[in-house]
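Reading the structure
Read off the chains here:
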Amino acid sequence: MHIKMETLRGAALVTLEGRFEFDTRNVFKRVIGEIVQNGHRRLILDLQLVTFLDSAALGLLLLTDQNFKLNKGMVGLVHPTGYVRQVLELANIPRVIPVFDSVHEAVGRFAPV
Amino acid sequence: MNGPSCPPALRCVREVFPTEAGIRVGRSGLVESLKRLGLPETHLFAIELCVHEALVNALVHGIWESGGQRISLSCEAEDTCISITVEDDGGAGGGPSAVGVTGSGGRGLGLIRVLMTQVTQERAGHGITMSLNLKEGEEHAH
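Overview of the structure.

The rules behind each value
- Residues numbered from 1 in each chain as written.
- Chains lettered and ligands numbered in written order.
- Predicted model: local features only at pLDDT ≥ 70, side-chain atom pairs only at ≥ 80, totals over all residues.
- Contact = placed C-beta atoms within 7 Å.
- Helix = DSSP H or I, 4+ residues; strand = E, 2+ residues; numbered from the N terminus.
- Nonpolar A, V, L, I, M, F, W, Y, C, P; charged D, E, K, R; others polar.
- Axes fitted to C-alpha atoms, helices over the stretch in contact; angles between N-to-C directions.
- Left-handed = near helix turned anticlockwise from the far one by under 90°.
- Pairing = 2+ DSSP bridges.
- Right-handed = clockwise from strand over helix to strand, strands pointing away.
- Buried ≥ 20, exposed ≤ 12 C-beta atoms within 10 Å, placed from the backbone.
- Core = buried A, V, L, I, M, F, W, Y, C linked by C-beta atoms within 7 Å.
- Expected span 1.5 Å × (residues − 1).

A few points about the interface of chain B and chain A
Every contact between the two is made by 13 residues of chain B and, on the other side, 11 residues of chain A. When residues of the side of chain B that touches chain A are traced back to their parent elements, those giving at least two are helix H1 (20-36), helix H2 (41-64) and helix H3 (107-115) of chain B. The element best represented in the side of chain B that touches chain A is H2(B), accounting for 5 residues. Split into classes, the residues belonging to the side of chain B that touches chain A amount to 6 nonpolar, 3 polar and 4 charged.

Concerning the packing of H2(B) against H3(B)
Residues and elements named next belong to chain B. At their nearest, the axes of H2 and H3 sit 9 Å apart, and the two run at 150 degrees to each other. Relative to H3, H2 is oriented so that their crossing is left-handed. Facing Ala46, Leu49, Cys50, Glu53, Ala54, Val56 and Asn57 of H2, the residues of H3 in contact are Gly108, Leu111, Ile112 and Leu115. Split by residue class, the contact of H2 with H3 holds 8 nonpolar, 2 polar and 1 charged.

Brief notes about the pairing of strand S2 (residues 11-20) of chain A
Residues and elements named next belong to chain A. Judged from the 7 bridges that link them, strand S1 (residues 2-8) and S2 form a sheet pairing that is antiparallel. Among the inter-strand pairings, Lys4 is bridged to a residue of S2, identified as Thr15. Where S1 folds back on S2, the antiparallel hairpin that results is connected by 2 residues, among which Arg9 adopts a positive phi of roughly 45 degrees. Bridge count between S2 and strand S3 (residues 42-53): 8 bridges; the pairing is parallel. Of the residues in S3, the one forming a bridge with Ala12 is Leu43. For the crossover that starts at S2, traverses helix H1 (residues 25-37) and ends in the parallel S3, the hand is right-handed.

As for the sheet that holds strand S4 (residues 74-78) of chain A
Residues and elements named next belong to chain A. Spatial strand order, S1-S2-S3-S4-S5: 5 strands in an open sheet with mixed pairing. In this open sheet, the two edge strands, each paired with only one partner strand, are S1 and strand S5 (99-100). Against the sheet, helix H2 (residues 55-70) engages S2, S3 and S4, with an angle of about 145 degrees to S4.

Observations concerning unusual backbone geometry
All names here are of chain A. The phi dihedral of Arg9 is positive, around 45 degrees, even though this residue is not glycine. Here Arg9 lies in the loop between S1 and S2. Note on Arg9: 12 C-beta atoms within 10 Å, which makes it exposed. One non-glycine residue, Asn92, adopts positive backbone phi at about 60 degrees. Position of Asn92 among the secondary structure elements: in the loop between helix H3 (82-90) and helix H4 (93-96).

Considering the nonpolar core
In terms of nonpolar packing, the biggest core is built from 64 residues, with A:Leu43, A:Ile44, A:Leu45, B:Cys50 and B:Leu55 touching the most fellow members. Among the elements that take part in this core, H2(B) stands out by supplying 12 residues, more than any other. In this structure, A:Ile44 is in contact with A:Ala11, A:Ala12, A:Leu13, A:Gly76, A:Val78, A:Val103, A:Ala106, A:Val107 and A:Phe110, ignoring residues within four places of it in sequence.

Comments concerning H2(B)
Every α-helix winds through 3.6 residues per turn, so residues three or four apart in the chain are directed the same way. If you check H2(B), its first and last C-alpha atoms are 32 Å apart, about what 24 residues at 1.5 Å a residue would give, namely 34 Å. In terms of residue burial, H2(B) counts as a mostly covered element, since 18 of its 24 residues are buried.

Description of the environment of A:Gly39
Along the chain, A:Gly39 turns up in the loop between H1 and S3. Sequence separation between A:Gly39 and A:Ser102 is 63 residues; the distance between their C-alpha atoms is 24 Å.

Notes on the environment of B:Asp89
All names here are of chain B. Here Asp89 is to be found in the loop between strand S3 (81-88) and H3. Residue Asp89 is classed as partly exposed on the basis of its C-beta count, with 18 C-beta atoms lying within 10 Å. Separated by 39 residues in the primary sequence, Asp89 and Ile128 place their C-alpha atoms 12 Å from one another. Once you skip the residues sitting within four places of it in the chain, Asp89 turns out to touch Gly68, Gln69 and Arg70.

With respect to the environment of B:Val119
Residue and element names in this part refer to chain B. As for its placement among the helices and strands, Val119 is situated in strand S4 (residues 118-122). Of the residues examined, Val119 has 16 C-beta atoms within 10 Å and is grouped as partly exposed. Between the alpha carbons of Val119 and Ala9 there is a distance of 21 Å; along the sequence they are 110 residues apart. Dropping the residues within four chain positions of it, Val119 is found in contact with Ile112, Arg113, Ile128 and Met130.

Quick look at the structure:
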């Protein structure tokens, strides 16, 4: 999985590409750890280019969301497609973590108050 | 292949090297074999995810937690049904917990139960057989 991190209007935007799964859990944890260390409280995960997602990834998404919420932060997911969206829905993730159609929409919702 | 509901018989038993790289090779090898049969992408995705989840469970609970050394992956594809078994030789305990797909644990097993037609666990979680009825999948797809 390839991960790109940037900052957009004060929110951390992480673009994931490829397979988000058990094998790639450590690289994801490391990137999220750096984001937390840098003091970001708003995290946008762009899933548009993710082609495969397993239960380990679901667990990491929920754990990340929980940790951000505990620190009065928020997490949003952007544009999961195809089977990745189906897996997220099977696990009821959209009920817990908001899903946006575009990065633009997520940034608008996550803008600093 | 004569059509999605009539795959030719495929029978295979593979030893999977009990490492993260090993289960990746085992999973993709099986998926490639099933792809060559001409299975539709929807079925392939479900099978790939479920085999992946079962192999990860075997690696984590059977090898790492229970001191096992071997993982086997077998598959039988006949007519309208594909049946896949993943087993490890881990000791007692350490099997995945049977919680639903949205629970705090056993999320992988929950996904398997949702995506497959029938799931049977054996040896206190160290063996799982899952089957997919291809006709049922077609009915759902329409």
